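The lines below spell out each chain.
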Amino acid sequence: MKRVELVASEIAWEIRDGQTVGAYGYNGQVPGPVIEAKAGEPLEVRFTNRLSEPTTIHWHGLRVPAAMDGTKAVQPVVEPGQTFVYRFTPPDAGTFWYHPHTNESEQLEKGLYGALIVRGDDEPIVDRERVLVFDDLKLDKRGEIAAFGGLKQRHDGREGDVRLINGRAEPELVMAAGQVERWRIINASSARYVRLSLGGAPFRIIGTDGGLIEKPVTVTEVLLPAADRVDILVGPFQEGEGLDVESLKYDRMTMGRRGNERFGTLRVGPREASRAVVPSRLRSIPALSPSDVAPNRVVKMSVGPSLRRGLDFLVNGERHHHDRPVQVGELQVWDVVNKSLMDHPFHLHGFFFQVVSVNGEPPGFRSWEDVVNLPPRSTTRIAWLPDDRPGSWMYHCHILEHHEAGMMGHFDVVR
Ligand code: C2O
Ligand code: CU
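Because the structure is a prediction, the values reported are computed rather than measured.

Criteria and thresholds
Residues numbered from 1 in each chain as written. Chains lettered and ligands numbered in written order. Predicted model: local features only at pLDDT ≥ 70, side-chain atom pairs only at ≥ 80, totals over all residues. Heavy atoms only, no water. Core = buried A, V, L, I, M, F, W, Y, C linked by side-chain atoms within 4.5 Å. Buried < 20%, exposed > 50% of the residue type's maximum accessible area, 1.4 Å probe, protein only. Contact = heavy atoms within 4.5 Å. Salt bridge = Lys/Arg side-chain N within 4 Å of Asp/Glu carboxyl O. Helix = DSSP H or I, 4+ residues; strand = E, 2+ residues; numbered from the N terminus.

Student: Can you walk me through the nonpolar core in this structure?
Tutor: Soluble globular proteins: nonpolar side chains tend toward being buried together. Among the nonpolar cores identified, the biggest contains 56 residues, and Trp59, Leu116, Trp334 and Phe346 are the most heavily contacted of them. Apart from the residues within four sequence positions on either side, Trp334 is in contact with Asn296, Arg297, Val299, Val326, Phe346, Thr380, Arg381, Ile382, Trp384, Tyr395 and Phe411. Core analysis: the second largest hydrophobic core is formed by 33 residues, Ala201, Val219, Leu224 and Leu266 among them.

Student: I would appreciate a short explanation of the pattern of salt bridges in the present structure.
Tutor: Charged atoms that come close allow side chains of opposite charge to pair. Using the criterion set out here, one finds 39 salt bridges in the structure. Close ionic contact of Arg184 with Glu129 constitutes a salt bridge, the shortest N to O distance being 2.9 Å. With Arg184 in strand S13 (residues 181–187) and Glu129 in strand S9 (residues 128–137), this pair connects stretches of sequence that are 55 residues apart. Overall, the relative accessible area of 0% leaves Arg184 in the buried class. Overall, the relative accessible area of 27% leaves Glu129 in the partly exposed class. The closest approach of N and O atoms between Glu261 and Arg163, which form a salt bridge, is 3.5 Å. With Glu261 in strand S20 (residues 261–271) and Arg163 in strand S10 (residues 162–165), the pair connects residues that are 98 residues apart, well separated along the chain. Among the residues examined, Glu261 registers a relative accessible area of 15% and is labelled buried. Each member of the salt-bridge network shares a partner with another, and the members are Asp136, Glu159, Asp161, Arg163, Glu170, Arg192, Asp244, Arg252, Arg258, Glu261 and Arg262.

Structure, rendered in C-alpha cells:
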C-alpha cells in the first residue's frame, strides 16, 4: 500500500524568480506533488483541508469506486480543518491528475491541481521522463489573481495571459542531445486549448488519457483541450538546438482570440548516450464497438440565451441534467452532439471510452480517453463499457465555467 499526505492551503505561488501571487496549493506548491502509483497497488491519500472554504478532490481519469470520485454527489465536502481519506487501487497505467470538485472554477485557477502517474510493467524505456503540467493564469494590475466572473469569462471560459509549465511562467527546459525523453503532458487550464508544437519539430505520440496507444504516431502538433493529456516521445535533437514549446493559434470560436503563444523553451545541451528502446507495438486495444452500431443514448450539448443569466450551458435542454441510469456490463454507445457554435471538451468521470467516429469519420488511431474535444456543430460517437462500479457518476464540459453554468449530466450506474 502506498500512502500519501495532501494538505490544501493558501500559499505564495512563485510564478517566476521574485514574482509571487497569493494562491492555493497542495503541500505548499503548484502544481501539487506528483503522486506516483503502480497499477494494481492500493493507494491511500490522507487529505486535509487548511483552506477557509470547503473542497473535495477528484481523481481525474482514474477508474476509482464511485464513493472515491470526489464529487459532492458521492461525499460530503471536506470542511476547513477536516481530513478525508481517499482509498482506491488504480487499475490502469497512465497519466492522470487530481483537482478539486467543489468551487473548482476558482480553486483550480488558484493553483489546486497535480499529476498522478500510474506505472505499468511494460513501459517503453526512455532516457528521461518529465511530467509537464500546462496552465494559464489571469492576473490583475496588482499582479494578483484577477477577480472571477463577467460575461466574456462565462462565454469563453477563463483564459489568462501568463502561460505556465509546472507552475512557472515560460520556463526553459534543457535536454541532452542524442537522447529521447518521455513527456507526460497535462492541460490543467480552466478553458484554454493547447495546440502543442515544439517549434515544428516532429515528435511521437505514445499515449493519451487512458494510457499507451497501439503504436507510436509521429506528428508535429497535437491538440489538448482543457483537462486532456498526452504522452509524447521527444528527441533526439542536435546539440545547440533551441525550440519553442508553444501553443499554435486555435480558434475555438470564443469572443477573445489568440495567435501562437509560447509556454516555454527547450534548449539542447551536450550529447549524452541513449539507452532508449521504443517498441513499434506498444499494446493492443481491441475495438469496443463496430462503427455502424446504433447509439443507445444521445447527449446534446447546447448554449442558449437566458434572460436571468445572460447565457445558459445545457445538456439535453437542461442545466445540470439528470440522465438515465446505465446498466453494469451493458455496452454504451453514445452520440455526443455539440449543437453550439463553439468547441467543448467532453469529460466522462470514472470510465474510459473509445471514440468511434466524429461526424461519421473514424479517428486517426484507437485510444482510451476520458476527454474528447467536441468541435462546433458536430456529432462524436463514443463507446464505453460500465464495469462493476455502481453509484453516482457524471459527465461534463471541462471548460470549468461551462461546467459550473450547467453543461453537465448526472447518471447512476446500476447493477
Ligand atoms: Cu477533471 Cu469533473 O473533472
Ligand atoms: Cu464547454
